[in-house]
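Here is what each chain is made of, one letter per residue.
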Amino acid sequence: MASSAAETATSLADLKSAYEKDGWCEPPFRFSDDAVALLRERVVSISHERRPEVVYEKDSGTVRALHGCHAFDEVCAALVRLPRLVELAEELVGGPVYVYQFKVNLKQAHEGAAWPWHQDFAFWHEEDGMPSPAAVNIAVSLDDVHEGNGPLTAIPGSHRLGLLDLPESRADGAESDWRSHVSADLAYTVDGDRARHLADENGRKVFTGPRGSIQVFHPSIVHSSSNNRSADRRALLLITYNAITNAPARPTRPAFLVSRDTAPMERRADERLDLVSY
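All values derive from a computational prediction rather than experimental measurement.

Trainee: What exactly am I supposed to notice about helix α6 (residues 192–202) here?
Mentor: Since the α-helix packs 3.6 residues into each turn, any two residues three or four apart lie on the same face. Within α6, the full set of buried residues consists of A195, L198 and A199. When α6 is viewed along its axis, its buried side chains cluster within an angular range of 100 degrees and face the same direction. Every exposed residue of α6 that faces more than 90 degrees away from the buried side is listed here: D193, D200 and E201. Each element contacted by the buried residues of α6 is listed here: β6 (115–118). Two or three places before D193, at the start of α6, stands the capping residue D191, its side-chain oxygen 3.1 Å from that residue's backbone nitrogen. After α6 finishes, the residue G203 shows a positive phi value of roughly 85 degrees.

Trainee: Where do I start with the sheet that holds strand β8 (residues 152–154) in this structure?
Mentor: By way of backbone hydrogen bonds, the strands of a sheet pair with one another, either parallel or antiparallel. Strand order across the open sheet formed by four strands is β6-β11-β8-β9, with antiparallel pairing between neighbours. Two strands in the sheet have a free side with no partner beyond their single neighbour: β6 and β9 (205–206). Where β6 and strand β11 (residues 223–225) come together, two bridges link them in antiparallel fashion. Paired with H118 across the two strands is H223, which belongs to β11.

Trainee: In this structure, what is going on with the nonpolar core? I would like to understand it.
Mentor: For soluble globular proteins, nonpolar side chains are generally found buried alongside one another. Counting residues in each nonpolar core, the largest one holds 47 residues, and the members touching the most others are F31, L79, L85, F102, Y241 and L273. Setting aside chain neighbours within four positions, we find F31 in contact with V36, L79, L82, L85, V140, G212, I214, L273, D274, L275 and V276. Judged by nonpolar contacts, the second largest core, of 14 residues, contains F121, A122, A135 and L186.

Trainee: What's the story with the pairing of strand β12 (residues 234–243) in this structure? I'm lost.
Mentor: Residues in a regular strand project their side chains so that they alternate between the two faces of the sheet. Here β12 lies mainly inside the structure; 10 of its 10 residues are buried. Side chains of β12 alternate between two faces, with R234, L236, L238, T240 and N242 and A235, L237, I239, Y241 and A243 buried alike. As paired elements, strand β5 (residues 97–107) and β12 share 10 bridges and run antiparallel to each other. Looking across to β12, one finds that Q101 is bridged to T240.

Trainee: Got a minute to help me understand the packing of aromatic side chains in this structure?
Mentor: Two measures describe an aromatic ring pair: the distance that separates the ring centres and the angle between the ring planes. Throughout the structure, instances matching the rule amount to four aromatic pairs. Between Y100 and W124, the aromatic rings sit 5.3 Å apart at their centres with planes inclined by 65 degrees, giving edge-to-face as the arrangement. One end of the pair, Y100, is in strand β5; the other, W124, is in helix α5 (residues 120–128), with 24 residues separating them in the sequence. Per residue, the accessibility class of Y100 equals that of W124, and both read buried. Seen in terms of ring centroids, F207 and F217 are 6.2 Å apart; in terms of plane orientation they differ by 35 degrees. Their pairing is tilted. Of this pair, F207 sits in the loop between β9 and β10 (214–217) while F217 sits in strand β10; the two residues are 10 residues apart in sequence, bridging distant segments of the chain. Since its relative accessible area comes to 2%, F217 is described here as buried.

Cut-offs and rules
- Residues numbered from 1 in each chain as written.
- Predicted model: local features only at pLDDT ≥ 70, side-chain atom pairs only at ≥ 80, totals over all residues.
- Heavy atoms only, no water.
- Buried < 20%, exposed > 50% of the residue type's maximum accessible area, 1.4 Å probe, protein only.
- Helix = DSSP H or I, 4+ residues; strand = E, 2+ residues; numbered from the N terminus.
- Arc of directions from axis to C-beta.
- Contact = heavy atoms within 4.5 Å.
- Polar contact = N/O pair within 3.5 Å; in protein donor to acceptor, adjacent residues only side chain to side chain.
- Pairing = 2+ DSSP bridges.
- Core = buried A, V, L, I, M, F, W, Y, C linked by side-chain atoms within 4.5 Å.
- Phe/Tyr/Trp six-rings, centres within 6.5 Å; stacked < 30°, edge-to-face > 60°.

Below, the structure is given as structure tokens:
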């Protein structure tokens, strides 16, 4: 048991070192096929519901994203409490965490639109008042992800540059429409030429891999994704854990985008959502 605990501590330390250096890391475990099948079932079911948490592609009835599912779906609620996920998040942000945001980004076959270059923390800081990027995104691939179905692409090390290309108009204190934070026409983007220059200097990390794969990335890392031009759907489930000491004081966006429950996340195992080592 002591040996196992030591190995876990070493693994977490290695992941934190990679995360701090590159802005992303990949845990040595994934979700089992049965766990992924259950999560996929829930995504399909929720996608058929008519509720504000379900977002569609522009001028289309095609589902683009699901938000805040952990607040109304018991499987998603169980997912965010899994001990290994919570433990990893706590290690990376340096203390107790809560779920700040939960979403599933869906790129339907031949229809899923791209996400332009951006930084998540720009939205959270400018719109919600999150003090610092002491949060972490844990992404779970619910489909096999390949170059053709719009994988997420990040620029290693860009999380250390601070927020880039914030629009000057934000200085007036006016609030933007939250719908521009979940559509293809994002309110906060990083200039394409700047992003390409950064990528030429630092390289690109393309998040491809089999369903069940887990990737972790920093709120300030510059990232994007391309259109899905393939016959394969690409569903990416994202849990954002935030340090409880970093909670925004007075968020105004809908609760399904910014959770108001900042109580420390309690760890709870669930045999339906098992993780397996590589």
